[in-house]
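# Structural description and commentary
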Amino acid sequence: QVRLVESGGGLVQPGGSLRLSCVSSGSSFRLYAMAWYRQAPGKQRELVATITTIRSTDYADSVKGRFTISRDNAKNTVYLQMNSLKPEDTAVYFCNNPRFDAWGQGTQVTVSS
């Protein structure tokens, strides 16, 4: 059973930064690609960023240049560094292991002045 637990969400002002973490257990973490998704109230869940086993990355156009996904295989952890945050980034952010269709519980990010 693969378990993912996110943390690091909170309330920030526009232009601020936040770093999300996702700790995985129950898998050989280094062998799998990982992803971050987000869902705002009344909107579809959207893919934010992905990272492969060789640390190749991809981003949604809306976050390119502002967000960075990374991983630390020794800690079984995926990170999402979010800079220059906008109100439109407000959402619940979820960690995902696509191979197992495993999801975390989500962490709330609110960008507001």
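Here, the structure is the one placed above.
Overview of the structure. Here the structure is a predicted model, which is why all the values come from computation and not from measurement. What you see as residue numbers is a count from 1 along each chain, following the sequence as written. Given that the model is predicted, a residue must reach a pLDDT of at least 70 before its local features are reported, and side-chain atom pairs must reach 80 or more before they are shown or counted; all residues, however, enter totals for whole chains, interfaces and linings. Heavy atoms throughout the structure, all of them, feed into the side-chain values; hydrogens and water do not.

## Structural notes on the overall build of the protein
- Summing up its helical and strand segments, the protein has zero helices and eleven strands in all.
- Under the scheme used here, helices are H or I runs from DSSP no shorter than 4 residues and strands are E runs no shorter than 2 residues, and both carry numbers assigned from the N terminus. The secondary structure elements of the protein, listed N-terminal to C-terminal, are β-β-β-β-β-β-β-β-β-β-β.
- A radius of gyration in this sense is built from C-alpha atoms; the matching globule rule multiplies 2.2 Å by the number of residues raised to 0.38. Computed over C-alpha atoms, the radius of gyration of the protein comes to 13 Å, within 12% of the 13 Å expected from 2.2 N^0.38 for 113 residues, which places it in the range of a compact globule.
- In terms of principal-axis extent, the alpha carbons of the protein reach across some 40 × 25 × 25 Å.
- Summary of the burial criterion: residues with accessible area below 20% of their type's maximum are buried, those above 50% are exposed, and those between are partly exposed, where the area comes from a 1.4 Å probe applied to protein chains only. Going through the 113 residues of the protein one by one, you find that 41% of them count as buried.
- Long-range pairs, those at least 24 residues apart, make up 53% of the contacts in the protein between residues at least 6 apart in sequence.
- Just so you have it, the protein exposes about 6100 Å², and 46% of that area is on carbon and sulfur atoms.
- The averaged location of the 8 negative side-chain charges in the protein is 6 Å from the averaged location of its 13 positive side-chain charges. In this analysis, two residues are considered to be in contact whenever any of their non-hydrogen atoms come within 4.5 Å of each other. Using a 1.4 Å probe, the Shrake-Rupley method yields the accessible areas, and only the shown protein chains count as cover for residues. Under the convention used here, Asp and Glu are negative, Lys and Arg are positive, and both His and the chain ends fall outside the count. To locate a charge, take atom NZ for lysine, CZ for arginine, CG for aspartate or CD for glutamate.

## Describing the pattern of salt bridges
- Salt bridge, as used here, is a side-chain nitrogen of Lys or Arg placed within 4 Å of a carboxyl oxygen of Asp or Glu. Tallied over the entire structure, the rule returns four salt bridges.
- A salt bridge links Glu46 to Arg38; the shortest N-O distance between them is 2.7 Å.
- Given the relative accessible area of 30%, Glu46 is considered partly exposed.
- Look at the salt bridges and you will find they share partners, linking Arg38, Glu46, Arg66 and Asp89 into a network.

## A closer look at the packing of aromatic side chains
- We call Phe, Tyr and Trp rings a pair once their centres come within 6.5 Å, taking the six-membered ring for Trp, and we label the pair stacked below 30 degrees between planes, edge-to-face above 60, and tilted otherwise. Counting across every chain of the model gives two aromatic pairs.
- Ring centres of Tyr32 and Phe100 lie 5.0 Å apart, and the angle between their planes is 75 degrees; on these two criteria the pair is classed as edge-to-face. Remark: Phe100 occurs in the loop between strand E9 (91-97) and strand E10 (102-103) and Tyr32 occurs in the loop between strand E3 (18-25) and strand E4 (34-39); sequence separation between them is 68 residues.
- Since its relative accessible area comes to 17%, Tyr32 is described here as buried.
- Among the residues examined, Phe100 registers a relative accessible area of 40% and is labelled partly exposed.
- Cation over ring: Arg19 sits above Tyr79, and NZ or CZ is 4.0 Å from the ring centre.
- Note on geometry: a ring has a charge over it if NZ (lysine) or CZ (arginine) is within 6 Å of the ring centre and within 35 degrees of the ring normal. Geometry around Tyr37 places Arg45 over its ring, the cationic atom sitting 5.3 Å from the centre.

## A look at the state of the cysteines
- For this text, the term disulfide refers to a pair of cysteine sulfurs within 2.5 Å. Counted under the stated rule, the structure contains one disulfide.
- Here Cys22 is linked by a disulfide to Cys95, with a sulfur-sulfur distance of 2.1 Å. The S-S bond linking Cys22 to Cys95 shows a torsion near -80 degrees; that makes this disulfide left-handed. Note that Cys22 is positioned in strand E3 and Cys95 in strand E9, a separation of 73 residues in sequence. Here the two residues Cys22 and Cys95 agree in accessibility, since each one is buried.

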